[in-house]
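As a plain string of letters, each chain reads:
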Amino acid sequence: MASARCNLCGSTAAALDWRCRACEGSLNLVDLPPFDADAIMDADFSLWRYGAMLPVARCFSLGEGMTPLAPARIDGLRFHAKLEYLNPSGSFKDRGTAVMLNHLAANGAADVIDNSSGNAGASLAAYAGAGGLSATVYVPAATAVASKKRLIRAFGGAIVESHDYLADVYAAAESATYASHAWNPWFVLGQQTAAWETWEQLGRRAPDAVATPVGHGGLFLGFYRGFQALLAAGLIEKTPRMIAVQSAGVDPVIRGWEAQAKQPAQATPSQSVADGILVDQPVRGEEILAALYATDGFALRVNNVAIRRAQRAMHAAGFMIETTSAVTTAALPQIRARIGESAELVLAFTGSGLKAISNSH
Ligand SMILES: [Zn+2]
């Protein structure tokens, strides 16, 4: 049976734990069912078609997953866009939230909390509503986008604005269930379904490379682990090159990769137009770097001017993505220079631009 275990000391965690009680290390799931192509439920057009590989008691769903994989190009450079922003609450977070909250609710959670600059909070509020739980989201008073806060409230979530929201949410986690998109290992498991869908959508093949924006790296690691599961099942020949994109100034993973270090670099909190990836200390930074090294991957930084330009180009091409999602397209010339013109590339379009349309136009 699948369970959560500490990455540092190996302790087994309880069902509602978000980190190791003994040493505060992060948790990963062990004894997950192997990927079995014959177990895919073809008639289910949500991520629950992979239910045999998602060992949670499923009680509620908003039909998350099965997002389109669309052909796209910018400045003549081609790629496949995985339209994660078309998930129910408008971001990729719904995959992880759906799996995590079903797990937590089945184990008795009623009041769930998270800290979020927007997308994870909206996702938590939406799924808490679907599952009959109550959600409180701690948002950074300085940087949270107003329209994303309104969205959290519209989904029925409560908001606590805080100048030290990380300390506040840790304190609140003493009495409520911390459904953390950064820490909870069931959240990352849900993100693996993005890789499995991509594999199906390409005719049961892996692309040559996958690029995602990286804050805490939930989607990045989900893609990586999802393709690892396909590799272990003998369904692909190798894992795609994993590409992490961050914004200049908030780039601890890039600086770790540039130094070929095991850990991300120490970063000072900074600002960027990519409000979804303002993460100076990724919880699973070591695992992100290990995935880059294991796949001959790389990490790239893009500046605000390039991000805004890429976002406008994608909007004009019909893709209503948020600013953070545009970091991967802003990096496209750098990516193509490294992987060549003909390599099959998937870029994750992570969040909806409709959430902040007045901020970007
Ligand atoms: Zn531990």
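Rules used in this analysis
Residues numbered from 1 in each chain as written. Predicted model: local features only at pLDDT ≥ 70, side-chain atom pairs only at ≥ 80, totals over all residues. Heavy atoms only, no water. Domains from an automatic or database assignment. Buried area = accessible area lost by both parts, 1.4 Å probe. Salt bridge = Lys/Arg side-chain N within 4 Å of Asp/Glu carboxyl O. Donors = N, O, S within 2.8 Å, 3.2 Å for Na, K, Ca; no water. Tetrahedral: all angles 85-135°; square planar, octahedral: opposite > 155°, others 65-115°. Buried < 20%, exposed > 50% of the residue type's maximum accessible area, 1.4 Å probe, protein only. Axes fitted to C-alpha atoms, helices over the stretch in contact; angles between N-to-C directions. Helix = DSSP H or I, 4+ residues; strand = E, 2+ residues; numbered from the N terminus. Parallel < 35°, antiparallel > 145°, perpendicular 65-115°, else oblique. Left-handed = near helix turned anticlockwise from the far one by under 90°. Contact = heavy atoms within 4.5 Å. Nonpolar A, V, L, I, M, F, W, Y, C, P; charged D, E, K, R; others polar. Expected span 1.5 Å × (residues − 1). Polar contact = N/O pair within 3.5 Å; in protein donor to acceptor, adjacent residues only side chain to side chain. Pairing = 2+ DSSP bridges.

Asker: Is there a simple way to explain the domain arrangement of the protein chain in this structure?
Answerer: Accessible area lost on assembly of the parts is the figure often given for the size of an interface. Splitting the protein chain by domain gives domain 1 (69-92 + 185-360) and domain 2 (93-178). Here the C-alpha centre of domain 2 lies 23 Å away from the C-alpha centre of domain 1. Between domain 1 and domain 2, a total of about 1,900 Å² is buried, with carbon and sulfur atoms accounting for 53% of that surface. Three residues stand out in domain 1 for area buried against domain 2, namely Trp186, Phe187 and Lys355, and they jointly supply 33% of the buried area on that side. Our count for the domain 1 to domain 2 interface comes out at three salt bridges. Taking the shortest distance from any N to any O, the salt bridge between Arg95 and Glu197 comes out at 2.8 Å.

Asker: Just to check I follow, could you spell out the coordination of the zinc ion for this structure?
Answerer: Each angle at a metal carrying four tetrahedral donors should ideally be 109.5 degrees, and each at a metal carrying six octahedral donors should ideally be 90 or 180 degrees. Those donors, Cys6 (SG), Cys9 (SG), Cys20 (SG) and Cys23 (SG), are the protein atoms that reach the zinc ion, and they lie 2.2 to 2.3 Å from it. Each of the four donor atoms bound to the zinc ion contributes to angles spanning 97 to 119°, and the resulting shape is tetrahedral. According to the relative accessible area criterion, Cys6 is buried, its value standing at 6%.

Asker: Sorry, what's going on with the packing of helix H1 (residues 93-106) against helix H5 (residues 185-201) here?
Answerer: The description of two helices packed together rests on the angle between their axes and the distance between the axes. Packing of H1 against H5 leaves a shortest axis separation of 7 Å and a crossing angle of 135°. When the axis of H1 is compared with that of H5, the two are oblique. With respect to the hand of their crossing, H1 and H5 are arranged in right-handed fashion. On the side of H1, the interface is formed by Lys93, Arg95, Gly96, Thr97, Val99, Met100 and His103, while H5 contributes Trp186, Phe187, Leu189, Gly190, Gln191, Thr193, Ala194 and Glu197. Taken together, the residues of the contact of H1 with H5 sort by class into six nonpolar, six polar and three charged.

Asker: Would you mind showing me how to read the side chain of Asn119 here?
Answerer: Note that Asn119 resides in helix H2 (residues 119-131). Overall, the relative accessible area of 6% leaves Asn119 in the buried class. Residues within four places of Asn119 in sequence aside, it is in contact with Ser91, Lys93, Lys148, Glu322, Gly351 and Lys355.

Asker: Sorry if this is basic, but what is going on with H5 here?
Answerer: The α-helix advances 3.6 residues per turn, and as a result positions three or four apart in sequence lie on the same side. Compared with an ideal rise of 1.5 Å per residue, which puts 17 residues at 24 Å, H5 spans 26 Å between its outermost C-alpha atoms and is within 8% of the ideal. With 15 of its 17 residues buried, H5 lies for the most part within the structure. N-cap assignment for H5: the residue whose side-chain oxygen lies 2.8 Å from the backbone N of Trp186 is Asn184. One or two residues past the end of H5 sits Gly203, with phi positive at roughly 80°.

Asker: What should I look at first to understand the sheet that holds strand E7 (residues 158-162) in this one?
Answerer: One open sheet accounts for four strands, arranged E7-E6-E5-E8; its pairing is parallel. A strand with exactly one partner marks an edge of an open sheet, and here the two such strands are E7 and strand E8 (177-178). Two elements, strand E5 (residues 111-115) and strand E6 (residues 134-140), share five bridges in a ladder whose sense is parallel. Along E6, the bridge assignment pairs Asp111 with Ser134.

Asker: In this structure, what is going on with the sheet that holds strand E4 (residues 77-83)? I would like to understand it.
Answerer: Two pairing modes exist for strands in a sheet, parallel and antiparallel, and in both the strands are linked by backbone hydrogen bonds. A sheet is described by the order of its strands in space; here six strands give the open sequence E3-E4-E12-E9-E10-E11, paired in mixed fashion. Each edge of the open sheet carries a strand with a single partner, namely strand E3 (69-74) and strand E11 (298-302). Between one strand and the next, the sheet's axes are offset by a mean angle of 30°, whatever the strand orientation. Relative to E11, strand E10 (residues 241-247) runs parallel, the two being bridged by five bridges. Opposite Ile243, over in E11, you have Phe298 as the bridge partner. The strands touched by helix H9 (residues 304-316) are E3, E4, E10, E11 and strand E12 (345-349); relative to E3, the strand with the most contacts, the crossing angle is about 120°.

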